[in-house]
Amino acid sequence: MKIPVRNIINMPLEKAKTHLNGYKIKEIEVNDSAFLDNYVTYYQVDEINEIVTLYVNNRLKNSFTLDKGIKYINNLGFVTGEESINKELFKNSHIGSTDLGICIDNKDNCLFLYGDSFSGKDCNKGMRNSNFIAKSINKEFSNNIHFKEIISYDNKLIKPIIQGQHDENLELNLDINNHKEVTKIPTGGIRINDDIYVFYMSVRYWGKPGEWFVTENQLLKAKYYDLKNFKKVENVNFKCSDSEQFGQIYPFLNKDDKEFIYLLANPGGRFGNTCLLKVKKIDIEHKDKYLILTKNKEFKSLLVTNKDDYFYILNHNHSSEGSIMFNPYLNKWIISNLDEDGINFYLSDSLLEEFKEKIKVINFDKFPLLYGGFINECMMDNDGKRMFMQVSQWSPIYNTSLFEIVFN
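Residues numbered from 1 in each chain as written. Predicted model: local features only at pLDDT ≥ 70, side-chain atom pairs only at ≥ 80, totals over all residues. Heavy atoms only, no water.

Draft legend 1. Looking closely at the sheet that holds strand β3 (residues 51-57). Spatial strand order, β1-β3-β2: 3 strands in an open sheet with mixed pairing. Taken across any chain shown, the strands that pair with only one partner, and hence form the sheet edges, are β1 (24-30) and β2 (40-46). Mean inter-strand twist for the sheet, computed between neighbouring axes without regard to direction, equals 20 degrees. (Pairing = 2+ DSSP bridges. Helix = DSSP H or I, 4+ residues; strand = E, 2+ residues; numbered from the N terminus. Axes fitted to C-alpha atoms, helices over the stretch in contact; angles between N-to-C directions.)

Structure representation (structure tokens):
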């Protein structure tokens, strides 16, 4: 027997076999989330009997797929709450239920922004906070998101990024002049050097399912090493009395443009369309420097551009809690969006074109009460062949779970 045998760990089975041509091979099926399906996770060499035993991953047993573009999807379990892998941390911080989980690249780890949170096991149960931040241990998510800490007061109670007024949810709040606010919900965030920036929407009224009314979207700022002390960036405030289009704002980076930050923007609720903004990194704190993509495919000053000239990169009257990333494996941009039939990915070769290609990801049969569905370039491996998405569930579950999504 020729030894040593070539190392074939993390190879597709068929490719591994070509490197073991001439050897006797035995296969043993395993389930290891660190590797893709049908990949070799481990091997043993029996020199006496001249057999190489391959431990081959099978991730398909409990998986599903709803689209020919996806090989399989697995639910990796709860990220938040008392049934999650982070249950002790959540218990110590008095968080029984929460939603969202918007990712920010924080170099060696990730920050996750969560929305309305309660000490009880369901929304509106127990002590309420408008939002909070949790920090992951690293960027390895194949076995779910493991948190290092939750940003808290010294007594371990969570310290919100910024607390909402928590006015009662009444129809009179629809009148923006009544100055009511039910809560403040993060819509996106980004790191620039030592600074963490977070956009949040001020929700004054929750209406029928999928409908909420936003008063403003405000930018906050803190140092990455001082996440207990966010301050408003007073120059960057998008008042919905001026334009409803900017109720939800999600900033992101573009690998082909190192100078600018790009931003998705859509109205409050789930019944609008998504436009595209950009601003130089050095000007993120100056609203007059923000540019918007217009129908002639030019970026023009936001302050002087008429709404009729906006170009909508997602244009089907159902934009919702958008997040975006570039996937190297597909060589496409992906926007994750909640539609009437569940969470779908919309794809485009270019940021400047409409996202029309659609991949069905998860529906309500596979994951009841779902919403959200946040993605990020931090949350992928194998060059984007596998990516991860955090998904929320509404009452009576009201917590988040992580899914692995593997493309064909």
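Draft legend 2. The arrangement of empty space enclosed by the protein in detail. Evaluation of the coordinates by the stated rule reveals 1 cavity of 30 Å³ or more. Here the largest cavity defines a volume of roughly 40 Å³. Along the walls of the largest cavity sit L264, N266, T274, L314, S319, S320, G322, I335 and N337, which together make up its complete lining. When residues of the lining of the largest cavity are traced back to their parent elements, those giving at least two are β16 (257-266), β20 (312-319) and β22 (332-339). For the lining of the largest cavity, the residue count by class is 3 nonpolar, 6 polar and no charged. (1 Å grid on protein atoms, 1.4 Å probe; cavity = no way out; pocket = protein on both sides within 12 Å on 5 of 7 lines; lining within 4 Å. Points joined across faces, edges and corners; volume = space filled by probe spheres on them. Nonpolar A, V, L, I, M, F, W, Y, C, P; charged D, E, K, R; others polar.)

Draft legend 3. Structural context of the pairing of strand β27 (residues 386-393). A large share of β27 lies buried, amounting to 8 of its 8 residues. Burial along β27 is two-sided: the face carrying R386, F388, Q390 and S392 and the face carrying M387, M389, V391 and Q393 are both buried. With 4 bridges connecting them, strand β25 (residues 370-374) and β27 associate as antiparallel partners. Its bridge partner lying in β27, L370 is registered against Q393. Across 2 bridges, the pairing between strand β26 (residues 380-381) and β27 is antiparallel. Paired with M380 across the two strands is M387, which belongs to β27. Turn length for the β26-β27 hairpin, with the two strands adjacent in sequence and antiparallel, is 4 residues, and the turn residue N382 shows positive phi of about 50 degrees. The pairing of β27 with strand β28 (residues 400-407) spans 7 bridges and is antiparallel. Bridge assignment links M387 to a residue of β28, and that residue is I405. Between β27 and β28, which pair antiparallel in sequence order, lie 6 residues; one of them, Y398, sits at a positive phi of approximately 45 degrees. (Buried < 20%, exposed > 50% of the residue type's maximum accessible area, 1.4 Å probe, protein only.)

Draft legend 4. Expanded view of the packing of aromatic side chains. Counted by the stated rule, this structure contains 22 aromatic pairs. Consider the rings of Y114 and F147, whose centres lie 6.2 Å apart with planes at 90 degrees: the pair is edge-to-face. With a gap of 33 residues between them, Y114 in strand β6 (residues 109-114) and F147 in strand β10 (residues 147-150) connect regions that are remote in the sequence. Across the pair, F147 and Y114 agree in class, each one buried. Taken together, the ring pairs in this structure connect F90, F112, Y114, F132, F141, F147 and F388 into an aromatic cluster. For the cation-ring pair, R191 lies above Y224, with the distance from its terminal atom to the ring centre recorded as 4.1 Å. Between the NZ or CZ atom of K297 and the centre of the ring of F311, over which it lies, the distance is 4.8 Å. (Phe/Tyr/Trp six-rings, centres within 6.5 Å; stacked < 30°, edge-to-face > 60°. Lys NZ or Arg CZ within 6 Å of the ring centre and 35° of its normal.)

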